[in-house]
Amino acid sequence: MIYINRKDDFGNLETVDEFNEGRKYANEMLKEYCLSDPSAYFYLSQRPCKDWREKWVNLNTVSN
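### Description of the pairing of strand β2 (residues 13–19)
Note: strand β1 (residues 2–7) against β2, six bridges, orientation antiparallel. The partner of tyrosine 3 across the bridge, within β2, is glutamate 18.

Put into structure tokens, the structure is as follows:
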């Protein structure tokens with residue numbers, strides 16, 4: 001799994017997307033994110049931020 005993380009000028013970090021399609025597709029999407037918000041720094045990561053993981057744990061817990 002590949003994630004796109006976003007970091008702003010204030011040091012706030014968030015995961016904005018995840019991909020199973022492979023690194024090539026994730027790189028294409030990374031370019032789109034950079035164009036859409038030039039004020040932030042976007043990068044590829046093998047790990048999501050903590051809030052992203054907690055969001056999915058909570059959603060899976062509610063649906064079960």
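### Considering the sheet that holds strand β3 (residues 41–45)
Spatially, β2-β1-β3 is the arrangement adopted by the three strands of the open sheet, whose pairing is antiparallel. Both outer strands of the open sheet, β2 and β3, are each paired with one neighbouring strand and no more. For this sheet, the mean inter-axis angle between neighbouring strands, taken without regard to orientation, is 25°. With five bridges joining them, β1 and β3 adopt antiparallel strand pairing. From the neighbouring strand, tyrosine 3 faces β3, where its bridge partner is serine 45. Along the sheet face, helix α1 (residues 23–36) touches β1, β2 and β3 and points at about 170° away from the line of β3.

### Re the nonpolar core
Core analysis: the largest hydrophobic core is formed by eight residues, namely Ile2, Ile4, Phe19, Ala26, Leu30, Ala40, Phe42 and Leu44. Of all the secondary-structure elements, those providing two or more residues to this core are β1, α1 and β3. Apart from the residues within four sequence positions on either side, phenylalanine 42 is in contact with Ile4, Asn5, Arg6, Val16, Leu30, Tyr33, Cys34 and Asp37.

### A few points about the pattern of salt bridges
According to the stated counting rule, one finds two salt bridges in the structure shown. Close ionic contact of glutamate 14 with arginine 6 constitutes a salt bridge, the shortest N to O distance being 3.7 Å. One salt bridge in this structure joins arginine 6 and aspartate 37, with 2.8 Å as the shortest N-O distance. Remark: aspartate 37 occurs in the loop between α1 and β3 and arginine 6 occurs in strand β1; sequence separation between them is 31 residues. Sharing partners across several salt bridges, the network here consists of Arg6, Glu14 and Asp37.

Calculation rules
- Residues numbered from 1 in each chain as written.
- Predicted model: local features only at pLDDT ≥ 70, side-chain atom pairs only at ≥ 80, totals over all residues.
- Heavy atoms only, no water.
- Pairing = 2+ DSSP bridges.
- Helix = DSSP H or I, 4+ residues; strand = E, 2+ residues; numbered from the N terminus.
- Axes fitted to C-alpha atoms, helices over the stretch in contact; angles between N-to-C directions.
- Contact = heavy atoms within 4.5 Å.
- Core = buried A, V, L, I, M, F, W, Y, C linked by side-chain atoms within 4.5 Å.
- Buried < 20%, exposed > 50% of the residue type's maximum accessible area, 1.4 Å probe, protein only.
- Salt bridge = Lys/Arg side-chain N within 4 Å of Asp/Glu carboxyl O.

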